[in-house]
Structures are given as structure tokens and as C-alpha cells.
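What follows is each chain in one-letter form.
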Amino acid sequence: MSVPTFSVWGVTGIPEIAEGDDLVGLIGDAVVGMGAAHALDDGDILVVTSKIVSKAEGRMVPAADREKAISDDTVRVVAERVHPGGVTRIVETKQGMIMAAAGLDMSNVPDGFALKLPEDPDRSARALCAGLRERFGVRLGIVVTDTVGRPWRVGQTDLAIGAAGLQLTDDLRGANDANGRPLHVTMAVVADELAGAADLVKGKTSGIPVAVVRGMERLVQGLDAPGARSLVRTGDDDMFRFGSAEAYRLGYEAAMAEMKDTSKARPKGQKQD
């Protein structure tokens, strides 16, 4: 019986990224510069931090305009929390994700600036995937990641906000577990698992924005595979659509509206019991 295994390594030698830079060229040159031992192969998956994608796409805004930029990228406010430093807004972004401050980040950017998420992370991932496949002549997958917090858990982790050429989930529903019991709800989000694994060799303090995952070639697909936007829960599937304060306010407003409608429907002169 073969032993399941995979490996992850960071891509070194990628310079500071500026607006208009060719990410395919810069990532490709860095891979070549690492030598034959780290040459890309069929089935490899490149995990790319969204920060360098945003920088190349010119998504920098002045820090003084940060609050306006958050509002501009917000579809709806999920929750707000007042703290000594101000107000934290958890919002649904135009990219479909639920994130603090609409994903705007001020780390690893020049002083006085903040960085927005890529406008369309799946589109960015497809462009990277197509370009790197053409350059190296191998079938690659791409995951574009960002760092997020999670309900009920301290700290942050990376997850996939964009993807291309990749199977995003392992849907085990209908299969049996090791004891022969049927699985009804198990669907592993392998795109997020790849994002978390890759962050162990890159991250905010290492200066390494790209990692390669090898050994998961079964996940690599065509460029027409669904992107990471397909992973977002929406509508009735979203069990945590609002924060507690927002849910209370909406319930209160609904109750007041119902009382008002009831009052209007009561015949004139009839008193309430």
C-alpha cells in the first residue's frame, strides 16, 4: 500500500511587485532561478497570495481613503463591533466573501496606503494559470489566497479567494467511511486546505508570496473548472447571515412594522384588547 504524501515549498526570488508588473514573467523567472530541483511539473499547484495580484493590478488606495474604499467594496454590512480604536465592519464584499474591512490590508504596503482585494480573483487566477501553463508546457493549478478570521476561532488562516484549473472540493457524500457507514454531508474544501498548507512556507513576514504544492495532481483540471466564487454560501444556505446586533435590529423593525400593519387593519374606533 502506497503512503499518501505531498510536498510544499516557497518560491524565492520574486521582487517587490508594482502596478503593471507581469506576474507570469516574474513568477516564472523566480521558478527558473531556483534550479532544476524545483522545476515545475504536470500536476503542480501554485498558491499565490492575493497581495501581489492586487499590487500588479493597481489596487492601492491612500490610507486616508480607507473607510470610503471599504464602503465602495461593500455589498452589505454583516456585523459591526465598536472598540477603543474605532469600529470594525464585517462585510460582504463585491467578490462575494465575508471579510473584515472588505479585505483591505495595510501590511506589506508603502506607508500611507492600503491595498484592496483583486477586482475578480478568479479572473486573475485564470490569467496566471493560462500564462504559466503556456510558459512551462505543463498542466498547473492556481489558487489565489487571502488571510481571514473565522467565527468562533482565534487568529487567522489563509483561504482560497480565487482559483483556476483546479478541483476545489472532495465531495464524499454518498461514499462510505472506514467503518462502512454512508457519508451524508462530508465535502472537504481542498482549495482552502491547499491555501492553509502553502501559508506555512510563505506568509506575511517571510517575503515569499508564492508556494508550490506537489503530489495533488489529481486535483488539476482544465481552465474551464469553476472558480473559488462557487464556494461561497449565499441566500438560504447562509446560516450566519447577520451579526447579533444586526439580527436584533431587523427583528425589532419587523415586529414594529407588523404592529403598524395590525393597527391599520383594525376597524376605526375599535380598541385593542
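Please read these numbers as outputs of a predicted model, since none were measured by experiment.

**What to know about the overall build of the chain**
- The helix and strand tally for the chain stands at six helices and 12 strands.
- Taking as baseline every contact in the chain between residues at least 6 positions apart, the subset at least 24 positions apart corresponds to 65%.
- Element-wise, carbon and sulfur atoms account for 54% of the exposed surface of the chain, whose accessible area totals about 15,900 Å².

**Brief notes about the sheet that holds strand β1 (residues 7–10)**
- Sheet architecture is open: five strands sit in the order β1-β12-β2-β8-β9, paired in mixed fashion. The open sheet has two edge strands with one neighbour each: β1 and β9 (153–164). Taking the axes of each pair of neighbouring strands and ignoring which way they run, one obtains an average angle of 30° across the sheet.
- Across four bridges, strand β2 (residues 45–49) lies against strand β12 (residues 210–214) in antiparallel orientation. Within β12, the residue paired with Val48 across the bridge is Val210.

**Some details on the sheet that holds strand β5 (residues 86–93)**
- Sheet architecture is open: three strands sit in the order β4-β5-β6, paired in antiparallel fashion. Lying at the two open borders of the sheet, with one neighbouring strand each, are β4 (74–83) and β6 (98–100). Looking at each pair of strands side by side, their axes are set apart by 25° on average, direction ignored.
- Pairing analysis gives eight bridges linking β4 to β5, with the strands arranged antiparallel.

**Here we look at the nonpolar core**
- One finds Leu23, Ile27, Leu46, Ile52, Leu128, Ile142 and Val210 to be the most contacted residues of the largest nonpolar core, which totals 31 residues.
- Breaking this core down by element, the ones donating at least two residues are α1 (23–33), β2, α2 (50–56), α4 (121–136), β8 (141–150), β9 and β12.
- Of all the elements, α1 adds the most residues to this core, at five residues.
- Here Ile27 is in contact with Ile14, Leu46, Ile52, Leu128, Leu132 and Val210, once residues within four sequence places are set aside.

**What about the side chain of Thr145?**
- Looking at where Thr145 falls in the secondary structure, it is placed in strand β8.
- Setting aside chain neighbours within four positions, we find Thr145 in contact with Val47, Val48, Thr49, Ser50, Asp158, Leu159, Ile161, Ala195 and Lys202.

**Section: unusual backbone geometry**
- The phi angle at Ala102 is positive, at roughly 55°, despite the residue not being glycine.
- Take Ala102: it is sitting in the loop between β6 and β7 (113–115).
- Given the relative accessible area of 1%, Ala102 is considered buried.
- Of note, the phi angle at Asn108 is positive, near 55°, even though the residue is not glycine.

**Some remarks on the pattern of salt bridges**
- What the rule picks out here adds up to 12 salt bridges.
- The salt bridge involving Asp158 is made with Lys202; its shortest N-O contact spans 3.4 Å. Of the two residues, Asp158 sits in strand β9 while Lys202 sits in the loop between α5 (190–199) and β12, which places them 44 residues apart along the sequence.
- A relative accessible area of 5% places Asp158 in the buried class.
- Overall, Lys202 belongs to the buried group, its relative accessible area being 7%.

Conventions we followed
Residues numbered from 1 in each chain as written. Predicted model: local features only at pLDDT ≥ 70, side-chain atom pairs only at ≥ 80, totals over all residues. Heavy atoms only, no water. Helix = DSSP H or I, 4+ residues; strand = E, 2+ residues; numbered from the N terminus. Contact = heavy atoms within 4.5 Å. Areas by Shrake-Rupley, 256 points an atom, 1.4 Å probe, with all protein chains shown as cover. Pairing = 2+ DSSP bridges. Axes fitted to C-alpha atoms, helices over the stretch in contact; angles between N-to-C directions. Core = buried A, V, L, I, M, F, W, Y, C linked by side-chain atoms within 4.5 Å. Buried < 20%, exposed > 50% of the residue type's maximum accessible area, 1.4 Å probe, protein only. Salt bridge = Lys/Arg side-chain N within 4 Å of Asp/Glu carboxyl O.

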